[in-house]
Amino acid sequence: MDVTGLIVQQGTVTGAAVRDLVTGREARIDADIVVNATGPWSEQVAQMAGVDVPIQPSPGVMLAVRGRLCNMVMNRLHKSGDGDIIVPQRALSVVGTSSWKVEDPDDLSVPEDHVRRMIEEGSKLIPAVRQATFRAAWSAARPLIGTKEEADSGRELSRTFKTIDHAVEDAIEGFVTITGGKGTTLRGMAEVCADVVCTKLGIEEACRTRETVLLPHDAAFTGRAVA
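All values reported here derive from a predicted model rather than from experimental measurement.

A.B. asks: Any chance you could break down the sheet that holds strand β11 (residues 175-180) for me, citing the residues and the numbers?
C.D. replies: Read from one edge of the open sheet, 3 strands run β4-β11-β10, paired in mixed fashion. The sheet is open, and its two borders are formed by β4 (34-36) and β10 (161-165), each paired with just one other strand. Each neighbouring strand pair of the sheet contributes to a mean axis angle of 15°, computed without reference to strand direction. Helix-sheet contacts for helix α4 (residues 186-201) involve β4, β10 and β11, and the interaxial angle to β10 is about 10°.

This is the structure we're talking about:
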């Protein structure tokens, strides 16, 4: 689904207009609270409600090679740079990442020189990276919090996250944005955002995801159920 607009009535966001990217069908979704959790697109979506969320989309290239070349994450302990982390992922090793800025998070590329840099820098951590069989390379945009004027390559901006209640900051009710962060902070981001939404809806319920172990990614395929 693609969000084509937000429905704003008398200073309150009451839903979203969407389009099915497969069928082209358009629809309207009404809601008590609309949560803008659209990552690098969060600035674009917020503008549909007439509010500003300063985000700098910053893509990076990651490289996957065949073989589990390490059993724990390896990371250089220095100022953030290209190719300074290797993550074992099942039967692969993922090397990352580069960083640059874009205006449009949909307009991404996988520059060949960035792929070569991942091999070069990754092999400094694990020499076997250079001889490993190539599996894939890709890029994705990070939603870094900050203005375009604050960043050169994107590495200058923090990987922190922020939950914004637009009723408080922009006098627009019914609209909450959660943005920034990274894969390792997603659970914490969801907790903070859910607490804001629950407060707005008058719901008193403690977060359980701190202690509850969620099912693994393959549970839907193996038929495992919650005990």
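A.B. asks: Summarise the sheet that holds strand β7 (residues 85-89); cite the residues concerned and give the values.
C.D. replies: Spatial strand order, β6-β7-β8-β5-β9: 5 strands in an open sheet with antiparallel pairing. Because the sheet does not close on itself, it has two edges, and the strands there are β6 (74-75) and β9 (134-145). Bridge count between β7 and strand β8 (residues 92-96): 5 bridges; the pairing is antiparallel. Considered in β8, the bridge of I85 is made with G96. Of the strands in this sheet, β5 (55-66), β6, β7, β8 and β9 touch helix α2 (residues 112-125), which is tilted by about 65° from β5.

A.B. asks: Kindly report on the side chain of E191, identifying the contributing residues and their values.
C.D. replies: Secondary-structure assignment places E191 in helix α4. Judged by its relative accessible area of 12%, E191 is buried. A polar side-chain atom of E191 sits 3.0 Å from a polar atom in the side chain of R210. Not counting residues within four places of it along the chain, the set of residues in contact with E191 comprises C207 and R210.

A.B. asks: Pulling in residues and values, what's your account of the pattern of salt bridges?
C.D. replies: Evaluated as defined, the whole model comprises 12 salt bridges. Residue D2 is joined to R19 by a salt bridge in which the shortest nitrogen-to-oxygen separation is 3.0 Å. Of the two residues, D2 sits in strand β1 (residues 2-9) while R19 sits in strand β2 (residues 12-19), which places them 17 residues apart along the sequence. Of the residues examined, R19 reaches a relative accessible area of 28% and is grouped as partly exposed. With a closest N to O distance of 2.7 Å, R117 and D82 form a salt bridge. Taken together, the positions of R117 in helix α2 and D82 in the loop between β6 and β7 put the pair 35 residues apart, joining distant regions of the chain.

A.B. asks: Talk me through α2; I want residue IDs and the actual numbers.
C.D. replies: Here α2 spans 21 Å end to end across 14 residues, near enough to the 20 Å set by a 1.5 Å rise per residue. Among all positions in α2, only H114, V115, M118, E121, G122, S123 and L125 are buried. Residues of α2 that are buried make contact with β5, β6, β7, β8 and β9.

A.B. asks: Describe the environment of I29, and please don't skip the residues or the numbers.
C.D. replies: Checked against the element boundaries, I29 lands in strand β3 (residues 26-30). With 146 residues separating them in the primary sequence, I29 and F175 have C-alpha atoms 14 Å apart. The contacts of I29, once residues within four sequence positions are left out, are T14, G15, A16 and V18.

A.B. asks: So, the environment of F161: which residues are in play, and what are the values?
C.D. replies: For F161, the position within the fold is in strand β10. Separated by 22 residues in sequence, F161 and S139 have C-alpha atoms that sit 21 Å apart. If we ignore the near neighbours within four places in the chain, the residues touching F161 are I145, I178, T179, G180, G181, T185, G188, M189 and V192.

Conventions adopted
Residues numbered from 1 in each chain as written. Predicted model: local features only at pLDDT ≥ 70, side-chain atom pairs only at ≥ 80, totals over all residues. Heavy atoms only, no water. Pairing = 2+ DSSP bridges. Helix = DSSP H or I, 4+ residues; strand = E, 2+ residues; numbered from the N terminus. Axes fitted to C-alpha atoms, helices over the stretch in contact; angles between N-to-C directions. Contact = heavy atoms within 4.5 Å. Buried < 20%, exposed > 50% of the residue type's maximum accessible area, 1.4 Å probe, protein only. Polar contact = N/O pair within 3.5 Å; in protein donor to acceptor, adjacent residues only side chain to side chain. Salt bridge = Lys/Arg side-chain N within 4 Å of Asp/Glu carboxyl O. Expected span 1.5 Å × (residues − 1).

Purely spatial values, then, with no claim about function.
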